[in-house]
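# Chain and residue survey
In case you want the letters, here they are:
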Amino acid sequence: MPVDISSELQAHVIKAAESNMTLQIQGGNSKAFYGNHYDKNQSERLELSGHMGVTAYEPTELVISAHAGTPLKEIQSLLDEHQQMLAFEPPAFGDEATLGGTIACNLSGPRRAYSGAARDFVLGTRILNGKGEILSFGGEVMKNVAGYDVSRLMAGAMGTLGVILDVSVKTVPKPEVEITLVQSLNTAEALKKIHEWAQLPLPVSATCINNQQLYIRLSGTEKGVQAAKIILGGEALENSESYWLSIKEQQADFFLSDKNDTSLWRLSLASNTPEIELYGDTLYEWGGALRWIKSSDSAENIRNQVMPLQGHAVRFQNAYDDAFQPLSKPLLKLHQNLKQSFDPSGILNPGRLYKNL
Amino acid sequence: MERIELINKLQQILPDGGLLYNEEELHPYECDGLSAYRKLPMMVALPDSVAQVQAILKFCYSVDLPVVARGAGTGLSGGALPHEKGLLLSLAKFNEILDIDAQRCIARVQPGVRNIAISQAVDDLGLYYAPDPSSQIACTIGGNVAENSGGVHCLKYGLTVHNIQQLKIVTIEGELLTIGGSGLDSPGYDLLALMTGSEGMLGVIVEVTVKLLPKPERAQVILAAFDDVVKAGAAVGHIISAGIIPAGLEMMDKLAIQAAEDFVHAGYPLDAEAILLCELDGTNEEVSTHVSVVREILNGSGAIDVRTAKDEQERMTFWKGRKAAFPAVGRLSPDYYCMDGTIPRKRLPEVLKAISELSVKYDLAVANVFHAGDGNLHPLILYDANKPGELERTEEFGGMILELCVKVGGTITGEHGVGMEKINQMCVQFESLELTQFHAVKAAFDAKGLLNPGKAVPTLHRCAEFGAMHIHNAELPFPELERF
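Residues numbered from 1 in each chain as written. Chains lettered and ligands numbered in written order. Predicted model: local features only at pLDDT ≥ 70, side-chain atom pairs only at ≥ 80, totals over all residues.

## Here we look at the overall build of chain B
Assigned secondary structure in chain B consists of 17 helices and 19 strands. The C-alpha atoms of chain B give 23 Å as radius of gyration, which agrees with the globular expectation for 484 residues (23 Å, within 12%). Overall, chain B is about 70 × 60 × 45 Å in size when its C-alpha atoms are taken along their principal axes. Counting only residues that meet the buried cut, chain B has 56% of its 484 residues in that class. Sequence separation of 24 or more characterises 72% of the internal contacts of chain B that already satisfy a separation of 6 or more. (Helix = DSSP H or I, 4+ residues; strand = E, 2+ residues; numbered from the N terminus. Rg over C-alpha atoms; globule rule 2.2 N^0.38 Å. Buried ≥ 20, exposed ≤ 12 C-beta atoms within 10 Å, placed from the backbone. Contact = placed C-beta atoms within 7 Å.)

## Let's talk about the overall build of chain A
Within chain A, the regular secondary structure consists of twelve helices and 17 strands. In terms of overall dimensions, chain A is globule-like: its C-alpha atoms have a radius of gyration of 21 Å, near the 21 Å expected for 357 residues. Counting only C-alpha atoms, chain A reaches 65 × 50 × 35 Å along its principal axes. Partitioning the intrachain contacts of chain A with sequence separation of at least 6 by distance along the chain shows that 70% fall at a separation of at least 24.

## Overview of the interface of chain B and chain A
Taken together, the contact between chain B and chain A spans 77 residues of the former and 69 residues of the latter. Among the elements of the structure, helix H6 (154-157), helix H7 (191-195), helix H8 (229-241), helix H10 (284-300), helix H15 (426-429) and helix H16 (432-445) of chain B are those that each provide at least two residues to the side of chain B that touches chain A. Of all the elements, H16(B) adds the most residues to the side of chain B that touches chain A, at nine residues.

## Remarks on the packing of helix H1 (residues 3-13) of chain B against helix H3 (residues 50-63) of chain B
Residue and element names in this part refer to chain B. Close contact between H1 and H3 brings their axes to 9 Å; oriented N to C, the two are set at 155°. Overall, the two elements H1 and H3 adopt an arrangement that is roughly antiparallel. Crossing handedness for the pair H1 and H3: right-handed. Of the residues in H3, those touching H1 at Lys9, Leu10 and Ile13 are Gln52, Ala55, Ile56 and Phe59. (Axes fitted to C-alpha atoms, helices over the stretch in contact; angles between N-to-C directions. Parallel < 35°, antiparallel > 145°, perpendicular 65-115°, else oblique. Left-handed = near helix turned anticlockwise from the far one by under 90°.)

## A short note on the confidence of the model for chain B
Residue and element names in this part refer to chain B. Across chain B, pLDDT averages 93, with 96% of residues at or above 70. Contacts for the low-pLDDT stretch residues 469-484, under 50 throughout, to residues beyond four places or in other chains number 15 contacts. Scoring the predicted complex yields pTM 0.95 and, for the interface, ipTM 0.97. (pLDDT = per-residue confidence, 0-100.)

## As for the sheet that holds strand E9 (residues 176-180) of chain B
Residues and elements named next belong to chain B. Across the sheet, which stays open at both edges, the five strands sit in the order E5-E6-E10-E8-E9 with antiparallel pairing between neighbours. The sheet is open, and its two borders are formed by strand E5 (97-101) and E9, each paired with just one other strand. Neighbour to neighbour, the strand axes of the sheet diverge by 15° on average, direction disregarded. Here E5 pairs with strand E6 (residues 106-109) via four bridges, running antiparallel. Residue pairing for E6: Ile97 is matched across the bridge by Val109. (Pairing = 2+ DSSP bridges.)

## Regarding unusual backbone geometry
Peptide bonds are mostly trans, and most non-glycine residues show a negative phi. The backbone of Asn349(A) sits at a positive phi, close to 40°, despite the residue not being glycine. Its place among the elements puts Asn349(A) in the segment after helix H12 (329-342). For Glu199(B), which is not a glycine, the phi torsion comes out positive at approximately 55°.

## Comments concerning the domain arrangement of chain A
All names here are of chain A. Splitting chain A by domain gives domain 1 (6-173 + 336-342), domain 2 (177-248) and domain 3 (261-315). Domain 1 and domain 2 are separated by 31 Å when their C-alpha centres are compared. Contact with domain 1, which involves six residues of that partner, is made by seven residues of domain 2. Grouping the constituent residues of the side of domain 1 that touches domain 2 by class yields three nonpolar, one polar and two charged. (Domains from an automatic or database assignment. Nonpolar A, V, L, I, M, F, W, Y, C, P; charged D, E, K, R; others polar.)

## As for the pairing of strand E14 (residues 274-282) of chain B
Residue and element names in this part refer to chain B. By the criterion of burial, E14 is predominantly enclosed, with nine of the nine residues buried. Residue alternation in E14 divides its side chains into two sets, Ala274, Leu276, Cys278, Leu280 and Gly282 and Ile275, Leu277, Glu279 and Asp281, and both sets are buried. Taken together, the nine bridges between strand E12 (residues 218-226) and E14 define a ladder with antiparallel strand orientation. By the bridge assignment, Ala224 is partnered in E14 with Leu276.

## Looking at the nonpolar core
All names here are of chain B. In this structure, Ile275 and Leu276 are the most contacted members of the largest nonpolar core, which totals 250 residues. Broken down by element, this core gets its largest block of residues, seven residues, from helix H14 (residues 390-407). In this view, Leu276 contacts Ala224, Ala232, Ala235, Val236, Leu249, Met251 and Ala372; residues no more than four positions away in its chain are not counted. (Core = buried A, V, L, I, M, F, W, Y, C linked by C-beta atoms within 7 Å.)

## Regarding the pairing of strand E4 (residues 87-90) of chain B
All names here are of chain B. What you see with E4 is no split at all: Leu87 and Leu89 on one side and Leu88 and Ser90 on the other are buried throughout. Both strand E2 (residues 43-45) and E4 contribute to a ladder of three bridges, which runs parallel. The residue bridging Met43 from the neighbouring strand is Leu87, located in E4. For strand E3 (residues 67-70) and E4, the ladder comprises four bridges, and the chain directions are parallel. The partner of Val68 across the bridge, within E4, is Leu88.

## Considerations on the packing of helix H13 (residues 348-362) of chain B against H14(B)
Residues and elements named next belong to chain B. For the pair H13 and H14, interaxial distance at closest approach is 11 Å and the crossing angle is 160°. One finds that H13 runs roughly antiparallel with respect to H14. Classified by chirality, the crossing of H14 by H13 is right-handed. Two secondary-structure elements touch here, H13 through Val351, Ala354, Ile355, Leu358 and Tyr362 and H14 through Arg393, Phe397, Met400, Ile401 and Leu404. The residue inventory of the contact of H13 with H14, partitioned by class, reads nine nonpolar, no polar and one charged.

## Digging into the sheet that holds E4(B)
Spatial ordering of the open sheet is given by E1-E2-E4-E3 (chain B), a layout of four strands whose pairing is mixed. The outermost strands of the open sheet, each flanked by one partner alone, are strand E1 (19-20) and E3 of chain B.

## A word on helix H11 (residues 312-323) of chain B
Residue and element names in this part refer to chain B. Between its first and last C-alpha, H11 extends 16 Å over twelve residues, near the 16 Å set by a 1.5 Å rise per residue. Residues of H11 that are buried include every one of Phe318, Trp319, Gly321 and Arg322, and no others. Down the axis of H11, the buried set is contained in an arc of 150°. They therefore lie on one face. What points out from H11, more than 90 degrees from its buried face, is the exposed set Glu312 and Gln313. Turning to H11, the residues buried within the fold contact E12, strand E13 (248-253), helix H9 (254-264), E14 and helix H12 (325-330). (Expected span 1.5 Å × (residues − 1). Arc of directions from axis to C-beta.)

## Considering the environment of Met154(A)
All names here are of chain A. Relative to the helices and strands, Met154 is located in helix H6 (residues 150-154). In this structure the C-alpha to C-alpha distance between Met154 and Thr273, which are 119 residues apart in sequence, comes to 30 Å. Filtering out sequence-adjacent residues up to four positions away, Met154 remains in contact with Ile103, Ala104, Thr125, Ile127, Leu161, Gly162 and Ile164.

## Looking at H9(B)
All names here are of chain B. Within H9, the full set of buried residues consists of Ala256, Ile257, Ala259 and Ala260. Projected down its long axis, H9 shows its buried positions confined to an angular sector of 165°, all on one face. Buried residues along H9 sit against E13, E14, H11, H12 and strand E18 (366-371). Backbone geometry just after H9 places His265 at a positive phi near 50°.

## What to know about the environment of Asp80(A)
Residues and elements named next belong to chain A. Inspection of the secondary structure assignment puts Asp80 in helix H2 (residues 72-81). Accessibility expressed as a C-beta count within 10 Å gives 11 for Asp80, which makes it exposed. Along the sequence, Asp80 and Ile247 sit 167 residues apart, while their C-alpha atoms lie 21 Å from each other.

As structure tokens, then:
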């Protein structure tokens, strides 16, 4: 049974706003590593994990609604029973991961480049703004253009604009079959192939390049996948599912290998950006649009490489105050105005995204 | 500032002929696709460079002059209705495709480029731009972004918001901003989502980077006839339960079928109460598998006739009827009013029943065309604007339909936008707290409220008056709904 503690959460936010006490919003605490951390000690915790349970799920309507504290696991196993899934294949980074945290971080997995990001599947939210007002945006229908798209704005805002109370997300049917093909290629050749395939109607659902290997996942009907397999070529990988899980949850060797004094960086770039030699070992996902590197270089140096390419770099774990790439002055002003409009006292997760938000 | 002074200043910014201000030149801009609402703007600006747009907005900001941006003017909710004391900013001259990057499957285009022109330009690369609003031969991509336009393929391929990667906008203060990046995401808030569907209230779009998709290897359409709309609705659920997401899934009711058949002779069965058109696309093998599964489902759901288009020509004929449904209905009556609510699909039977009851009550016929896959309903109310009081009755009937959509858990607009048309129904869709938050979001971008004033989000005052109006008529439709 769903447990709705939104009125208690509301009271907590109102009290915090009145006393100017900042709040750290926490679901399952599985993504505590993500974002900035300098403000930690001065905040009270706002616990969402007790606000949990699926409130509506209609497989034929392709939508599931749940309180934010619902474990992602629970959502996934319920969808699984009905041969459905979350198309953005969210990384959990722990068994405690919640739906609310997943949406607030807008993190998406291997399928992202082919199906869309978490934000693409958000249909509606109920939130608590920084004044303690409970607001509903969007709904449970696919097409809805009434009012500004505040629901999607919550995705990736890291709780700085509002506490996500409830979310409705679009679900999709699971593909009948999935296989992964592996080819030995150097990075430049692998990127070239991926870009050729991207222009063809092939049922590609994930790509990864690392260590001179190109992994490509196909999803669809049995016959469709078999036909594509012949076109693409390569060896079928035996443990396809666990391979992609290891990429998504960062349990693959690339992520586990410990190098002293390095940080894990997530680079978002034009997919056809050539290899950047400087970075050394790189793991490519999303057809080349997402790149993981481990580097001890300064944030400034790394960002100076990606900014001229209109890309951005995230210090993915344990950043103090430089997790996300600085915004241009006019964009920052707009962000501050928006923050002010949702959270005038600045009590919701201040600094988690940017120091001055 | 006096009008003549405004004209002088704006002429200095714009090229020769770039500012229209004589009444006869202003008339073509008096309305958009919702022609029941008309107003003359004070002036029309036709800039041809981003620098001019920046200078115009900076100037408007400095003298508090309202600005309404306009693309092709095909919108159906009055979003581009001019402001009588303001400037209409036409983006018509921004009609160039700036760059096509086949490797990345993107195209960078100016806002005045027509939707279909993008697909045409990348056709020989085997690519296309997926969102296909029915006005796609005329509507522009800038307007598509402003309205978050959909089309018949949204269920599988998403709305505009899912198919764009970057925007360049000019703020009311004249600042040029890039939103989004070269990768699949960008730092900070998702302003790309916020801008999409914001109806010209937050900024002026001056460049759009759209995502392109490979053209499916094959598309096949199945036509199924039913003797009962409820069975047709249930069949849609059965197809989705089977794990199939059709590229398009459209339903038409009896009146719409008859109108379309009379108009284009698509071969629709005239004895049917409803037909479903189900398009399946993908690889050749996938489509073959899905066609046989869907045919079985349709037969099992009680269809009285199931036909698969035997060739591309028949596929086009099947679609022709659906695509001509609006003008076909237009032949049945001097005027028609197209509504745009979305409902959870399972509520379709009761919504259709309620609409037919309202149709009797208001003595106005309705034809229903339905994007059945995603729950987006387009009831077309037939009326005659020349008969006194009929337009008013139609608008009230339309308002009732939208409120009904909200009542069953849906929304007042699936793809046409709020604009001027549905501003009152926004008071039913949202409560004052949400509306206040919307106004605060608007103020974050446009503190003076100069961009498209009076559209999309009603003032609380307006909502109070709207509620009062209904009570005066002693016909408050849903007394259980909160009013403010």
